[in-house]
Amino acid sequence: MFRYRTMLRQDSRNAIKDPMLLLITLGPLLLTLVVRYGLRPLAEWIAFLSSFDLLSYSSFITVFLMLLVPQLAGIAAGLLILDERDEHLIGIYAVTPLMKSGYLAYRLILPTSISIIMTAVFLLFSGVSRYEPANIAVLLLLLLETPILAMFLATFAANKVEGLALSKIIGLTLLGAVFAYFVPAPWQLIAGVFPTYWPAKLYLEGIAGNPSASTITVIFIVGLLFHLLLLQQMSKVFWKKIEQ
């Protein structure tokens, strides 16, 4: 823990002025507050103007927004890694007791920890989600979303500018939630190539009437293995890249 104290202290100082760190911490909290106190008045206003009932899509709103939290954290973590790589700081950490592996662990564990706490806060206090035992499995899958996205940016972007461009492409992975909610089975499995599909599908199955325990278990296991495979492959390519 002592090895990480310097980086943690530096991040604490930068948290106020660094938009990336603010994105990790304040973004999800603001999102939760806006949904909790703003969604119902917005739905009533829309219903007054038309016959559209926004709250009837509360389950889709939940899965879509809960996926934004690890996305924000993953993009911010990936851009921080790219920024420090551009400044050749990773090479400096390599010759300290922290080493490259310790540096990467810190850069992934801290935003992942914040992300999972903020996701749990959203699910508990947003006012649109439902409390089901399957939500624990959903959180376990979302736990892996942040490091996967961070490693994706750090692996495939040559610098921070390219990372910002790729972060926009990452938004397309939210199609996993769209397919899980709107597309009938088995066609929705097309979106299984997006890691976001599996926690979205798991949440929707969990809140369904009389959810099948076997179905939820299969979705969780397949989703977990897919997330772990993505993270393992991203890590392998990343280490090859920084060793060049």
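Below or above, wherever it landed, is the structure these notes cover. (Residues numbered from 1 in each chain as written. Predicted model: local features only at pLDDT ≥ 70, side-chain atom pairs only at ≥ 80, totals over all residues. Heavy atoms only, no water.)

Along its length, the protein chain carries 10 helices and zero strands. Ordering the α and β elements of the protein chain from the N terminus gives α-α-α-α-α-α-α-α-α-α. By residue count, 45% of the 244 residues in the protein chain fall in the buried class. Within the protein chain, contacts between residues at least 6 apart in sequence are counted, and of these 72% link residues at least 24 apart. Accessible area for the protein chain stands at about 12600 Å²; split by element, carbon and sulfur atoms hold 72% of it. (Helix = DSSP H or I, 4+ residues; strand = E, 2+ residues; numbered from the N terminus. Buried < 20%, exposed > 50% of the residue type's maximum accessible area, 1.4 Å probe, protein only. Contact = heavy atoms within 4.5 Å. Areas by Shrake-Rupley, 256 points an atom, 1.4 Å probe, with all protein chains shown as cover.)

Another aspect to go through is the side chain of E145. Relative to the elements of secondary structure, E145 occurs in helix 6 (residues 134-156). Notably, E145 is buried but unbridged: the nearest opposite-charge side chain belongs to K201, and the N-O separation is 16 Å. Leaving out residues up to four positions away in the same chain, E145 has contacts with P70, P195, T196, P199 and H227. (Lys, Arg positive; Asp, Glu negative; His and termini not counted. Salt bridge = Lys/Arg side-chain N within 4 Å of Asp/Glu carboxyl O.)

Moving on: a nonpolar patch on the surface. Taken together, the side chains of L26, L29, L30, L33 and Y37 define a hydrophobic patch exposed on the protein surface, amounting to about 510 Å² of accessible area. On the secondary structure map, L30 appears in helix 2 (residues 19-49). Residue classification places L30 among the exposed positions, given a relative accessible area of 52%. (Patch = residues over 30% accessible without salt bridge, like charges linked within 9 Å, V, L, I, M, F, W, Y side chains within 5 Å.)

This part takes up the nonpolar core. V35, V63, M66, L67, F122, L202 and Y203 are the most contacted members of the largest nonpolar core, which totals 35 residues. Every element with two or more residues in this core is listed here: helix 2, helix 3 (58-86), helix 5 (99-125), helix 6, helix 8 (175-182), helix 9 (197-207) and helix 10 (213-243). In this view, V63 contacts A177, A200, Y203 and L204; residues no more than four positions away in its chain are not counted. By size, the runner-up hydrophobic cluster in this structure holds 14 residues, among which are A77, I81, L98 and A150. (Core = buried A, V, L, I, M, F, W, Y, C linked by side-chain atoms within 4.5 Å.)

We now examine the packing of aromatic side chains. Applying the stated criterion across every chain yields a total of nine aromatic pairs. For the ring pair F152 and F156, a centre distance of 5.3 Å and an interplane angle of 50° mean the geometry is tilted. Here F152 and its partner F156 are both found in helix 6, four residues apart, which amounts to about one turn of the helix. Given the relative accessible area of 23%, F152 is considered partly exposed. A residue is classified by how much of its surface remains accessible, and F156, at 46% relative accessible area, is partly exposed. With centroids separated by 4.8 Å and ring planes inclined at 75°, the aromatic side chains of Y181 and F182 adopt a geometry described as edge-to-face. Here Y181 falls in the partly exposed class, since its relative accessible area comes to 26%. A residue is classified by how much of its surface remains accessible, and F182, at 44% relative accessible area, is partly exposed. (Phe/Tyr/Trp six-rings, centres within 6.5 Å; stacked < 30°, edge-to-face > 60°.)

For the rest of this paragraph, the subject is the packing of helix 3 against helix 7 (residues 160-170). Taken N-terminus to C-terminus, the directions of helix 3 and helix 7 make an angle of 165°; their axes are 9 Å apart at the nearest point. Between helix 3 and helix 7, the interaxial angle falls into the category roughly antiparallel. The handedness of the crossing between helix 3 and helix 7 is right-handed. From helix 3, Q71, I75, L79, L82, D83 and D86 reach across to helix 7, where they touch K160, G163, L164, S167 and I170. Classifying every residue of the contact of helix 3 with helix 7 gives five nonpolar, three polar and three charged. (Axes fitted to C-alpha atoms, helices over the stretch in contact; angles between N-to-C directions. Parallel < 35°, antiparallel > 145°, perpendicular 65-115°, else oblique. Left-handed = near helix turned anticlockwise from the far one by under 90°. Nonpolar A, V, L, I, M, F, W, Y, C, P; charged D, E, K, R; others polar.)

Glancing now at helix 7. When we look at burial in helix 7, the residues that qualify are G163, L166, S167 and I170. Within helix 7, the buried residues cover an arc of 115° as seen down the axis, which keeps them to one side. Exposed positions of helix 7 whose direction lies more than 90 degrees from the buried face are V161 and K168. Buried residues in helix 7 make contact with helix 3 and helix 6. (Arc of directions from axis to C-beta.)

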